[in-house]
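Geometric and topological summary
What follows is each chain in one-letter form.
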Amino acid sequence: MADVYGAVVPLRPTGVLADVWGRSAVRDVILTLGAAGAVGLAAQIVIPVPGSPVPITGQTFAVLLAGAVLGPGRGAAGMLLYVVAGALGIPWFAGGSSGWPAATGGYLLGFVLAAALVGQFATLGADRRPGHTIGLMFIGNLLIYLVGMPWLALMTTMDLPTAFSKGVVPYLMGDALKIALAAALLPGAWLLLNRRRG
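Model, not experiment: these values are computed from the prediction. (Residues numbered from 1 in each chain as written. Predicted model: local features only at pLDDT ≥ 70, side-chain atom pairs only at ≥ 80, totals over all residues. Heavy atoms only, no water.)

Bringing the overall build of the protein into the picture now. When its secondary structure is counted, the protein shows 7 helices and 4 strands. Walking the protein from its N terminus toward its C terminus, one meets helices and strands in the order β-β-α-β-β-α-α-α-α-α-α. Taking 16 Å as the expected radius of gyration for a compact globule of 198 residues, we find that the protein reaches 18 Å, a close match to that expectation. Principal-axis analysis of the C-alpha atoms places the extent of the protein at approximately 60 × 35 × 30 Å. Going through the 198 residues of the protein one by one, you find that 41% of them count as buried. For the protein, the accessible area works out to roughly 10,200 Å², and carbon and sulfur atoms hold 73% of it. Between the averaged position of the 11 positive side-chain charges in the protein and that of its 6 negative side-chain charges there is a distance of 9 Å. (Helix = DSSP H or I, 4+ residues; strand = E, 2+ residues; numbered from the N terminus. Rg over C-alpha atoms; globule rule 2.2 N^0.38 Å. Buried < 20%, exposed > 50% of the residue type's maximum accessible area, 1.4 Å probe, protein only. Areas by Shrake-Rupley, 256 points an atom, 1.4 Å probe, with all protein chains shown as cover. Lys, Arg positive; Asp, Glu negative; His and termini not counted. Charge placed at Lys NZ, Arg CZ, Asp CG, Glu CD.)

With that settled, consider the environment of Leu160. By secondary structure assignment, the location of Leu160 is in helix α6 (residues 160–167). Expressed as a C-alpha distance, the spacing of Leu160 and Pro150, which sit 10 residues apart in the sequence, is 6.8 Å. When sequence neighbours within four positions are dropped, the list of residues in contact with Leu160 reads Met149, Pro150 and Ala153. (Contact = heavy atoms within 4.5 Å.)

Turning our attention to the confidence of the model for the protein. Averaged over every residue, the pLDDT of the protein is 89; the share at 70 or more is 92%. The secondary structure element of the protein with the lowest average pLDDT is strand β2 (residues 7–9), at 35, and the one with the highest is helix α3 (residues 72–88), at 97. Between residues 1–12, whose pLDDT stays under 50, and residues either more than four places distant or in other chains, the model counts 10 contacts. (pLDDT = per-residue confidence, 0-100.)

Bringing the layout of surface pockets into the picture now. Think of a ball as big as a water molecule: rolled over the atoms, this probe shows where empty space is left. What the largest pocket holds in volume is close to 350 Å³. Lining the largest pocket are 23 residues; nearest its centre among them are Val54, Pro55, Thr57, Gln59 and Tyr107. At the level of elements, β4 (56–57), α2 (59–70), α4 (105–123), α5 (130–156) and α7 (172–197) are the ones that each hand at least two residues to the lining of the largest pocket. Residues of the lining of the largest pocket, tallied by class, amount to 13 nonpolar, 8 polar and 2 charged. (1 Å grid on protein atoms, 1.4 Å probe; cavity = no way out; pocket = protein on both sides within 12 Å on 5 of 7 lines; lining within 4 Å. Points joined across faces, edges and corners; volume = space filled by probe spheres on them. Nonpolar A, V, L, I, M, F, W, Y, C, P; charged D, E, K, R; others polar.)

To continue, consider helix α1 (residues 25–42). Spanning 18 residues, α1 covers 26 Å between terminal C-alpha atoms, matching the ideal 26 Å at 1.5 Å per step. Those residues of α1 lying buried are Asp28, Thr32, Ala35, Ala36, Val39, Gly40 and Ala42. On its buried side, α1 packs onto β4, α2 and α3. (Expected span 1.5 Å × (residues − 1).)

As structure tokens, this is what we get:
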């Protein structure tokens, strides 16, 4: 309970799923490495989009889920590790590629920022109700597009409307499905956890 301007109100629970069973430096390293690896695995789910250098992958779902589960620091660190290691030669970008991808590099940078932002909101409890989780995932996807689409336009000399039609529109339906899945998974995990706590 907390005293807010003379009124006693219940404290809102904070924290992320990864911290439910405690924290340690070793656990943090393992979770960060695991997040990078999970995104690398999700990147191997590839559906090419005709006329676009940006394929449909499972990456964004894994990125946003990692941010929500791990929180801002470990989530962003996992995505930064994923980006740097892939740029240096680990073949875990989309379809087993590696090296810095000129056209889609902005989306990768967006992954780091989105994981941090989603993780920050998750620490405040934004992943505990389906409606809030939908908003959380929408904001994370939006941030990825806000970085990735202008980068795509710059690197390919597309104008912004063309970059929008090739770098955003084909992915919206898939994003909606991923958001719906996250809205079931994250609050569901908290519900099960709270029931176990009794």
